[in-house]
Amino acid sequence: MFRAALTIAKKDIYSELRTKQVLGTMIIFAGLVILVLSFAFDPANNTTKAVIPGAVWIIIVFSGILGLNRSLVSEQRNDTMHGLLVAPMEASSIYLGKFMANFSMILIVEIVAVPFLFLLFDFKVNGSILYFILVLFVGSFGFIAIGTFLAALASNSKSSEMLLPLLLFPMTSPVLIGVTQATKIILTNMEKLPSAIAWLQLVAAYDVIFFVLCFLLIEYVLEV
Amino acid sequence: MSMNLEREKASFEVADWAPIKISLLTKILYGGMVVTMLAAFYFIFLYAEIEKTMGAVQKIFYMHVPSAWVAFLAFFVTFVFSILFLIKRKRIYDTYAYVSAEIGVVFTIIVLTTGPIWAKSSWNTWWAWEPRLTTTLILFFLFVAYLMVRQMDGVWDKKARLAAVFGIIGFADVPIVFFAIRWWQSKFHPIVFGDGPSQQGGGIAPSMLVALLVTITAFTFLYAYLLHKGVSFENMKLKVDQYKEKLRERLEN
């Protein structure tokens, strides 16, 4: 199952590297979100520093949703979804493969966009970079895990790009609350590290529960 | 043209028109609802004492809490019937899940309107980002999304399947949302039942408790009645669709 998933992930990433369509769009969109944030919150103002930890997640969520939508809708155009479904593998390996492809793409976007955000807003990190990377990892994991699942669900609709945010945002709200709180603590106030770790545990628990749940339920979503 | 009309007439005669019987269950639910609702009005406005600090405004409590209870109950029912549907694949389970979610959304709207009215007078603010409020809001969004999944284009069993999946993960999400927000911030809602973390929960007068229990019973009857009615409406819709289909076939042949 894992090998089949790896094959699908590889296929997705190869085709993405050929076209560079989605990744390019996501990164440019992330840049545009940073631009809009600079209009909304004056970068010269010191109080702006307080919103930067949250802004990291605004960027990830909005650019993530672009990629998530694409990853399953693109299988619909030539009806390649049916091809995947009749292939000798389980539905859960399709999910796993899609998840891995999306996860690696969002990680690339984060690697590019987050340093840019800090650079453009002249944000000095007072905390631990390592913990920050851990938070990014755990948070994106949960967001993409449930996002891939809901994208598969929404892709059955003709207006999936409208439906997906409506499904995804309320569903991921615990992740978003958890990671924004943890990011805020880690980037600005390292003394409260224990509570940041508690938040991380909550998000990790969410990740585990929903990853398993999505794994079990995906075969109902991908039924023909 | 005239031939078609004739055929239409003929097919009407063929379709059996059993007189619509009002079942015993409907009668019981309707009767129970009316009786408990009237009792609830008596208990709210005459029996329960007036709260000392908030005054008569506190009466909205008897609308607010039972509505919240019904909303959560409705979503729980949706969850249960979603699981049943995925296992048994019977249309009736799907109908129950759908109607229950619709009722749940309506009662969540009631909670979200009575809440701010009460909050304005007792907390002096319309809204606070407090665990139960935020959870209810997110619950509302989740089940509006559930109804959006139902509005998708396609055949019914696909929609029912996807909606059932969404109903399950949506309901699984709610406790996590609640705990996340509870950690995030907790200030406003008094803990009415049981011991609060500060050991000084608001508490409730016995007469108020009786009134609350009566209203909760009344609202549960209302929910059961609405669910029953809604499901029979959906079934009638299906029947009409089937008749239409039959009629079309007749007209074509």
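It should be emphasised that the depicted structure is a prediction, and the values quoted were computed from it without experimental measurement.

Conventions and cut-offs
Residues numbered from 1 in each chain as written. Chains lettered and ligands numbered in written order. Predicted model: local features only at pLDDT ≥ 70, side-chain atom pairs only at ≥ 80, totals over all residues. Heavy atoms only, no water. Helix = DSSP H or I, 4+ residues; strand = E, 2+ residues; numbered from the N terminus. Rg over C-alpha atoms; globule rule 2.2 N^0.38 Å. Buried < 20%, exposed > 50% of the residue type's maximum accessible area, 1.4 Å probe, protein only. Contact = heavy atoms within 4.5 Å. Core = buried A, V, L, I, M, F, W, Y, C linked by side-chain atoms within 4.5 Å. Polar contact = N/O pair within 3.5 Å; in protein donor to acceptor, adjacent residues only side chain to side chain. pLDDT = per-residue confidence, 0-100. Axes fitted to C-alpha atoms, helices over the stretch in contact; angles between N-to-C directions. Parallel < 35°, antiparallel > 145°, perpendicular 65-115°, else oblique. Left-handed = near helix turned anticlockwise from the far one by under 90°. Nonpolar A, V, L, I, M, F, W, Y, C, P; charged D, E, K, R; others polar. Buried area = accessible area lost by both parts, 1.4 Å probe. Salt bridge = Lys/Arg side-chain N within 4 Å of Asp/Glu carboxyl O.

J.: Help me understand the overall build of chain A, please; the structure alone is not making it clear to me.
T.: When helices and strands are tallied, chain A shows nine helices and zero strands. Beginning at the N terminus, the succession of helices and strands in chain A can be written as α-α-α-α-α-α-α-α-α. On C-alpha atoms alone, chain A measures out to a radius of gyration of 18 Å, which is about the 17 Å that the 2.2 N^0.38 rule sets for 224 residues. Oriented by its inertia axes, the alpha-carbon framework of chain A measures out at about 55 × 35 × 30 Å. Looking at chain A residue by residue over its 224 residues, the buried ones come to 50%. The contacts of chain A with a sequence gap of at least 6 include a subset with a gap of at least 24, amounting to 83%.

J.: Mind showing me how you'd approach unusual backbone geometry here?
T.: Among all residues save glycine, negative phi is the norm, and among peptide bonds the norm is trans. Residues and elements named next belong to chain A. Although it is not a glycine, Lys20 sits at a positive phi angle of roughly 55°. Along the chain, Lys20 falls in the loop between helix H1 (2-19) and helix H2 (21-40). For Lys20, a relative accessible area of 54% puts it in the exposed group. The backbone phi angle of Asp122 is positive, close to 55°, even though this residue is not glycine. Topologically, Asp122 is positioned in the loop between helix H5 (91-120) and helix H6 (129-154).

J.: Looking at this structure, how should I read the nonpolar core?
T.: Note on soluble globular proteins: their nonpolar side chains tend to be buried together. The biggest cluster of nonpolar side chains holds 144 residues, and the ones touching the most others in it are A:Phe149, A:Leu150 and A:Leu153. Aside from chain neighbours lying at most four places away, what touches A:Leu153 is A:Leu167, A:Val221, B:Val149, B:Met152, B:Leu162, B:Val165 and B:Phe166.

J.: Quick question: what am I supposed to make of the side chain of A:Ser128 here?
T.: All names here are of chain A. On the secondary structure map, Ser128 appears in the loop between H5 and H6. Classification of Ser128 as buried rests on a relative accessible area of 16%. From its side chain, Ser128 meets the backbone nitrogen of Leu130 in a polar contact 3.3 Å long. Setting aside its immediate chain neighbours within four residues, Ser128 contacts Ile186 and Met190.

J.: How should I be thinking about the confidence of the model for chain B in this particular structure?
T.: Reading fine detail from the predicted coordinates is not recommended where pLDDT is low. Residue and element names in this part refer to chain B. Residues at a pLDDT of 70 or more form 81% of chain B, whose mean pLDDT is 80. Of all the helices and strands in chain B, helix H1 (residues 2-14) carries the lowest mean pLDDT, 45, while helix H3 (residues 61-88) carries the highest, 91. Here residues 1-17 is a poorly scored stretch, pLDDT under 50, and it has 11 contacts once near neighbours within four places are set aside; other chains count. Taken over the whole predicted complex, pTM reads 0.84, whereas the ipTM for its chain interfaces reads 0.85.

J.: What is the right way to look at the side chain of A:Thr148 in this model?
T.: Residues and elements named next belong to chain A. For Thr148, the position within the fold is in helix H6. Thr148 gets classed as buried once you look at its relative accessible area, which sits at 1%. The residues touching Thr148, leaving out its near neighbours within four places in the chain, are Leu68, Leu72, Tyr95, Lys98, Phe99 and Asn102.

J.: Can you help me understand the packing of helix H3 (residues 52-77) of chain A against helix H8 (residues 173-188) of chain A in this one?
T.: To characterise two packed helices, one gives the angle between the axes of the helices and the distance between these axes. Residue and element names in this part refer to chain A. For the pair H3 and H8, interaxial distance at closest approach is 8 Å and the crossing angle is 140°. Taken together, the axes of H3 and H8 lie oblique to each other. For H3 against H8, the interelement crossing comes out right-handed. Of H8, the residues touching H3 (which contributes Pro53, Gly54, Trp57 and Val61) are Leu176, Val179, Thr180, Thr183, Lys184 and Leu187. Classifying every residue of the contact of H3 with H8 gives six nonpolar, three polar and one charged.

J.: Help me understand the interface of chain B and chain A in this model?
T.: Where interface size is given, it is often the accessible area lost as the parts come together that is meant. Taken together, the 26 residues of chain B in the interface contact 27 residues of chain A. Roughly 2500 Å² is buried in total at the junction of chain B and chain A, and carbon and sulfur atoms are behind 78% of that figure. It is B:Ile169, B:Ile176 and B:Trp183 in chain B that bury the most area against chain A; as a group they hold 22% of the surface buried on that side. Between chain B and chain A we count one residue pair in polar contact (both at pLDDT 80 or more) in total. Broken down by secondary-structure element, the contributors of at least two residues to the side of chain B that touches chain A are helix H5 (131-150) and helix H6 (156-184) of chain B. The element best represented in the side of chain B that touches chain A is H6(B), accounting for 16 residues. By residue class, the composition of the side of chain B that touches chain A is 20 nonpolar, one polar and five charged.

J.: Explanation requested: the packing of helix H4 (residues 91-122) of chain B against H5(B) in the structure shown.
T.: Residues and elements named next belong to chain B. It is at 10 Å that the axes of H4 and H5 come closest, and there the two elements cross at 145°. Two packed elements cross with a definite hand, and for H4 against H5 that hand is left-handed. Where H4 abuts H5, its residues Asp94, Ala97, Tyr98, Ala101, Glu102, Val105, Thr108, Ile109, Val111 and Leu112 lie against Thr136, Leu137, Phe140, Phe143, Val144, Tyr146, Leu147 and Arg150. Split into classes, the residues belonging to the contact of H4 with H5 amount to 13 nonpolar, two polar and three charged.

J.: Would you explain the pattern of salt bridges in this entry?
T.: Between side chains of opposite charge, a pair can form as their charged atoms come close. All names here are of chain B. In total, this model carries seven salt bridges over all chains according to the counting rule given. Among the salt bridges present, the one from Asp94 reaches Arg150, with a minimum N-O distance of 3.0 Å. Residue Asp94 is located in helix H4, and its partner Arg150 is located in helix H5; the two are separated by 56 residues in the primary sequence. Of the two residues, Asp94 and Arg150, both sit in the buried class.

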